[in-house]
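Structural overview
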Amino acid sequence: MPSANSPNDPAVLDETCPLLRNHTLELQRTENPDPTPLPKGQLTALCIVRLVDPIAFTQLFPYVNEFMNDLHLTDDPSRIGFYSGLVESTFAVAQLTSIYQWARLSDIVGRRPVILVGILGLAATTLMFGLAKSLAAVLVARCIGGLFSGNVAVIHSVLGEITDSTNQAIAFPIYGLIWPLGSIIGPLIGGSFSHPASKYPEVFHHEFWKDYPYFLPCLIAATIAIIGVLLGYAFFEETLPSKRKQSNEKCLSPASDSPQSMDLPAGLAPEKPMGMRQLLTLPIMSALSMSGFALSFLATSFDAVFVLFCYSPVQSGGLAFSASQIGYSLAAAGAIAASLQVFIMSYLLRTFDCAMMYNFCMGLWPYTYIALPILNAIARSGLDKETGKFDVSTTAMLWTGIAMVLTLSKTATLCYSLSMILTKENVPTLASLGQANGIVQFAMCLSRSFAPFLVSSLFALSIDSNLLGGHLWAVIMVLVAYLSTTISRKISLHSKKTIP
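Quick caveat: nothing in here was measured; it's all calculated off a predicted structure. (Residues numbered from 1 in each chain as written. Predicted model: local features only at pLDDT ≥ 70, side-chain atom pairs only at ≥ 80, totals over all residues. Heavy atoms only, no water.)

Looking only at helices and strands, the chain features 21 helices and zero strands. In the chain, buried positions account for 54% of the 500 residues. Counted over contacts in the chain with a minimum sequence separation of 6, partners at least 24 positions apart contribute 81%. For the chain, the exposed surface amounts to about 21,800 Å²; the carbon and sulfur share of it is 66%. (Helix = DSSP H or I, 4+ residues; strand = E, 2+ residues; numbered from the N terminus. Buried < 20%, exposed > 50% of the residue type's maximum accessible area, 1.4 Å probe, protein only. Contact = heavy atoms within 4.5 Å. Areas by Shrake-Rupley, 256 points an atom, 1.4 Å probe, with all protein chains shown as cover.)

Okay, structure coming up:
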C-alpha cells in the first residue's frame, strides 16, 4: 500500500488541492524551479488582438490638433489644445464607465467574446471618427470608442491566466512590447496618410479625400482591427476556467497552459473571489491603485502635452513641428519603448525586485517634464525669424534632446508592466486576479479621463497669461511627479519580493 505521506498519492492530492491550493502552488514553485513552458499559441493570439488597440489609439495623435483647427473652433492656435484634450478625455471617461461592466460580462460569457466584440466596436468607431465633420461628431465617435475599449482589464487578466511566476519574466516583456509596437505603427499611419489628396494626388485625387482628409488613416487602422478580429476568432482560445473543459482526474492537468489556467475536479467549488472593498483594505492593493492613478495621470498628460508642445509655435512655447514630424517623433517613442521591452526588461525582471524598479521608474517623471521647456529654449535660440526654420545645429540638438526625453518617458512607463506583475504577485487568491486587475485599471483610467483635458488647459493658460514665461504648466507637472514618487514608495513597504 502506498505511504500516506507519498506526494504522488491521488488521495492526498485530492484532499489537499481544493483546501490548500495556494500552498500547493508555492510548493510547486520552490520544488520545480524550471520555468513552465510558455503557451506560445495563446500568447501569440493575445498579442495579435492587443496590437489593435494602440494602433487605433495613437494613429490620431499626429493630426488631432490639425483636425481641431480644421473644424474652426477657435482663431487662437494656443487654444487648440483645449479641444484636443477634450477629445482624449471623452474617450477615457467612456472607457472608465465600461471597465467594470466588461470585466463582469467576461466572467459570465467568457474572455474571448468580450475581447473580440470590443475590437470590432473599436474598428467601427475609428471609421466614425474619420468621417466626423463637427466637434459633436468627433466626441460621439470617441465616446463610443472608449466604451468598446473598456475591455483592457479583461486582456490583462488573460495574460495572468496563461502565465505563472516562473515564466512571467519572458511573457510580460513580450506582451509589453505590443503597445510600443502599436505606438510606432499608429503615428506613422496618422502622420503619413492624413491629407492624402495633397500628399499623394496621383492616387487620392477624388473629391472625397479632400472633404475627409483624416479618413484614410482611420480606414487603415480599422482594417487592421478587423484583421485582428478574424485572426483572434480563428486562433484565440477561451481562458476563463468555467468555460474550459474541466478535468476530473487531478488538480494540475499536464495539458493545461499554466497553473493559473488549471481546472478544479468535478464537485469541488472554485475559490470565491474577494470583493472590491476587501481588496482595497489590503495595504498593497490600495498602494498599487493610488500609484497607478498617479502613473496614468503623468503618462497620459505627457502623451497629450508632448504632441501639443510639438505642434505649438516656438513663440508659444512649442517646437512648431508638422504632422509628419510629430508622427516620426511618436514612432521614435514607440521604437524606444519596444527596445526597452526586448533588450532590457527580461533581464531586469530576473535581476531586480519589481517594487524597487517601479520606484526607480516613477522617479524619472520629474526629469522628463523639466526637459520640455529646455527644448523650447534651444528652439528659440536657433530659430531664423525670417524663414521660420531652424539651422542645422539646432535641428540636431532638438532631435537629440527629443530622443533623450522620449527615452526618459518610455523608461518611466515600464511601470505599467511592473504594475501588472506586482498586482498578480500580491493578489490574495488567484480567483481575485480579475477583480484586482479591474481595481488598478479603474484607478488608471480614472486619471486618464481628465489628464489630457487638464494638462492641455493648463498649457494654454500658461501661454495665454505668460505665467512663468509660459512654462507654469511644466513647473506644476514636475511638482505632481515628485509627489507621485512618495506614493509609489508605499508599494515597497507592502509588496512581496519578486526575486529570491
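To continue, consider the packing of helix α14 (residues 283-311) against helix α20 (residues 433-464). Running from N to C, α14 and α20 cross one another at 35°; their axes reach a closest spacing of 7 Å. As α14 packs across α20, the resulting crossing turns out to be right-handed. Across the contact of α14 with α20, the residue classes break down as 21 nonpolar, seven polar and one charged. (Axes fitted to C-alpha atoms, helices over the stretch in contact; angles between N-to-C directions. Left-handed = near helix turned anticlockwise from the far one by under 90°. Nonpolar A, V, L, I, M, F, W, Y, C, P; charged D, E, K, R; others polar.)

On inspection of all chains with the given rule, the structure shows 22 aromatic pairs. With 5.4 Å between their ring centres and 75° between their planes, F67 and F129 make a pair best called edge-to-face. Of the two residues, F67 is situated in helix α4 (residues 64-70) and F129 in helix α6 (residues 111-131); the sequence distance between them amounts to 62 residues. The pair formed by F67 and F129 is uniform in burial state, with each residue classed as buried. Ring geometry for F193 and Y200: centres 6.2 Å apart, planes at 40°, overall tilted. By relative accessible area, Y200 is classed as partly exposed at 29%. One aromatic cluster in this structure is built from F193, Y200, F204, F208, W209, Y212 and F215. The side chain of R142 reaches across the aromatic face of F129, ending 5.8 Å from its centre. (Phe/Tyr/Trp six-rings, centres within 6.5 Å; stacked < 30°, edge-to-face > 60°. Lys NZ or Arg CZ within 6 Å of the ring centre and 35° of its normal.)

Take the environment of C361 next. In this fold, C361 is placed in helix α16 (residues 354-362). A C-alpha to C-alpha distance of 8.8 Å links C361 and L408, two positions 47 residues apart in sequence. Ignoring any residue separated from it by four or fewer positions in sequence, one finds C361 in contact with T411, A412, L414, C415 and L418.

As enumerated under the stated definition, the model contains four salt bridges in all. Across the salt bridge formed by R50 and D53, the nearest N and O atoms sit 3.4 Å from each other. You can see R50 and its partner D53 sitting in helix α3 (residues 40-58), three residues apart, about one turn around the helix. For the residue pair R50 and D53, the accessibility class agrees, reading buried in each case. Among the ionic pairs, R142 bridges to E88, the shortest N-O distance being 3.3 Å. Within this pair, whereas R142 is found in helix α7 (residues 135-148), its partner E88 is found in helix α5 (residues 80-109), the two being separated by 54 residues in sequence. Taken as a pair, R142 and E88 share a single burial class, namely buried. (Salt bridge = Lys/Arg side-chain N within 4 Å of Asp/Glu carboxyl O.)

This brings us to the side chain of R111. Among the structural elements, R111 can be located in helix α6. Within the structure, R111 has its side chain in polar contact with the side chain of S106 (distance 2.8 Å). In terms of polar contacts, R111 uses its side chain to reach the side chain of E161, at 2.6 Å. Those residues in contact with R111 that lie beyond four places of it in its chain are S106, V154, V158, E161, E238, T239 and L240. (Polar contact = N/O pair within 3.5 Å; in protein donor to acceptor, adjacent residues only side chain to side chain.)

Turning next to unusual backbone geometry. Although it is not a glycine, H195 adopts a positive phi angle of roughly 55°. For H195, the location among the structural elements is in the loop between α9 (168-193) and α10 (196-199). Phi angles above zero are rare outside glycine, and A320 is one such case at about 60°. If you trace the backbone, A320 turns up in the loop between α14 and α15 (323-351).

Secondary-structure assignment places L135 in helix α7. Judged by its relative accessible area of 18%, L135 falls in the buried class. Taking the C-alpha atoms as reference points, L135 and H72, 63 residues apart in sequence, are found 9.7 Å from one another. Setting aside chain neighbours within four positions, we find L135 in contact with M68, L71, L73 and Y83.

A cluster of nonpolar side chains, namely I48, I227, L231 and F235, defines an oily patch on the protein surface of about 350 Å² accessible area. Examining the composition of the nonpolar patch, we find that three residues originate from one element, helix α12 (residues 215-235), more than from any other. Among the secondary structure elements, L231 is positioned in helix α12. (Patch = residues over 30% accessible without salt bridge, like charges linked within 9 Å, V, L, I, M, F, W, Y side chains within 5 Å.)

Moving on to the side chain of Q59. Relative to the assigned elements, Q59 resides in the loop between α3 and α4. Polar contacts involving the side chain of Q59 include one to the side chain of Y63, which spans 2.8 Å. Dropping the residues within four chain positions of it, Q59 is found in contact with T126, G186, P187, G190, P217, C218 and A221.

Within helix α8 (residues 152-162), 11 of the 11 residues are buried, which leaves the element mostly enclosed by the surrounding structure. Among all positions in α8, only V152, A153, V154, I155, H156, S157, V158, L159, G160, E161 and I162 are buried. The secondary structure elements touched by the buried residues of α8 are α3, α5, α6, α9, α19 (415-426) and α20.

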